[in-house]
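Chains, contacts and geometry: an overview
If you want the building blocks of each chain, they are given just below.
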Amino acid sequence: MQKILSVLIPTYNNNESLKKVLDSYVGDKRIEILVSDDSDDEDKKMLIKDMCKKANIIYFDGPKSSPAENWNMLIKMAETPFFVLNHHDDYPVNLDFLNELDKDKLGLMILPCTSKPIGKNIRIIESWQQYLFTKVCSFFKNGSLNMVLAPTASVIINKKFKNILFDPKLKWFVDAEWYLKLFQTVKINKHMIRFYPFSRIFSIQLNTSLTKSLSGILKEQIKNEKKYLYEKKLYPGNFIHFFQFSLLGIILLKTKLKQTLSL
């Protein structure tokens, strides 16, 4: 059976979470899995390597220069018609979306997401919310807003767009800027963007997440990165940003109510 999707998994010191991701994909012959490991814990690194070997998964040592460089290396290695960058704390609930991947017409497929932030209730994002917010972010280019309201595992990408890479100069907005570039390029090339509601990504925020690592310098990081995005013409300024952020609040109102009321 011809492989249609490359699952690109960057991992760091977490063999338990990686196993959950692998279990979600292993067994479907349409999928190729590549694991890039930049762990600095040698015991965990050995466990990850052994796990990949037993499952016949492509394993290699990732570059330790920056997370973005690791992700970019993985993207460049993707050879199947579609690829997805799937961090080790995100995994699909089902693989139904594989049946809908049309390499000639489809540029991006966006999956909805259920996430569990640290210390908060579960947050459920639906496809219609993703669709509306991508429109809000695209009208005035804003690389500081997560326009798909989900992690990279929710974005299935046609290999034709593997030249769209992460900006290593960004940390906090690195995903958001990448999404914006993808949407812009796919639309220019007149490929379809499909919001597919019948598969879903489940995301669990870990203690090793970027949010935790930047907690002490976050305000300064955001300020510097917004300035950088503005210079790249990917940030519309504070006034328009506030307007877009307000619309996001309206779009997410139902989700926020459910999150607040859930037990």
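Let me sum up the structure you'll find in this document.

What counts and what doesn't
- Residues numbered from 1 in each chain as written.
- Predicted model: local features only at pLDDT ≥ 70, side-chain atom pairs only at ≥ 80, totals over all residues.
- Heavy atoms only, no water.
- Helix = DSSP H or I, 4+ residues; strand = E, 2+ residues; numbered from the N terminus.
- Rg over C-alpha atoms; globule rule 2.2 N^0.38 Å.
- Buried < 20%, exposed > 50% of the residue type's maximum accessible area, 1.4 Å probe, protein only.
- Contact = heavy atoms within 4.5 Å.
- Pairing = 2+ DSSP bridges.
- Axes fitted to C-alpha atoms, helices over the stretch in contact; angles between N-to-C directions.

Quick notes on the overall build of the chain
- When helices and strands are counted, the chain shows nine helices and eleven strands.
- In terms of overall size, the chain behaves like a compact globule, its C-alpha atoms giving a radius of gyration of 18 Å where 263 residues would be expected to give roughly 18 Å.
- If you line up the chain on its principal axes, its C-alpha atoms span 55 × 45 × 40 Å.
- When burial is assessed residue by residue, the chain has 51% of its 263 residues classed as buried.
- Taking all contacts inside the chain whose residues are at least 6 apart in sequence as the whole, residues at least 24 apart take part in 79%.

Focus: the sheet that holds strand β1 (residues 5-11)
- Reading across the sheet, the seven strands line up as β3-β2-β1-β4-β9-β6-β10 and stay open at both edges, with mixed pairing between neighbours. Two strands close off the open sheet at either side, each with one partner strand: β3 (58-61) and β10 (192-195). The average undirected angle you get between the axes of adjacent strands in this sheet is 20°.
- In terms of strand pairing, β1 meets strand β2 (residues 31-37) through seven bridges, oriented parallel. Along β2, the bridge assignment pairs S6 with E32.
- Here helix α2 (residues 42-54) sits on the sheet and contacts β1, β2 and β3; the angle it forms with β3, its principal contact strand, is near 155°.

Comments concerning the sheet that holds strand β8 (residues 123-125)
- With mixed pairing, the four strands of this open sheet are ordered in space as β5-β11-β7-β8. A single partner strand is all that each edge strand has here, and the edge strands are β5 (90-92) and β8. Here the strands of the sheet are splayed against their neighbours by 15° on average, with no regard to which way each runs.
- As paired elements, β5 and strand β11 (residues 201-204) share three bridges and run antiparallel to each other. Within β11, the residue paired with P92 across the bridge is I201.

Regarding the pairing of strand β9 (residues 155-158)
- The side-chain alternation of β9 yields two buried faces, one formed by V155 and I157 and the other by I156 and N158.
- Note that strand β4 (residues 82-85) and β9 share two bridges and pair antiparallel. Among the inter-strand pairings, F82 is bridged to a residue of β9, identified as N158.
- Where strand β6 (residues 106-110) meets β9, three bridges bridge the pair, whose relative direction is antiparallel. Paired with I110 across the strands is V155, a residue of β9.

Brief notes about unusual backbone geometry
- Residue N56 is not a glycine yet carries a positive backbone phi of 55°.
- Relative to the helices and strands, N56 resides in the loop between α2 and β3.

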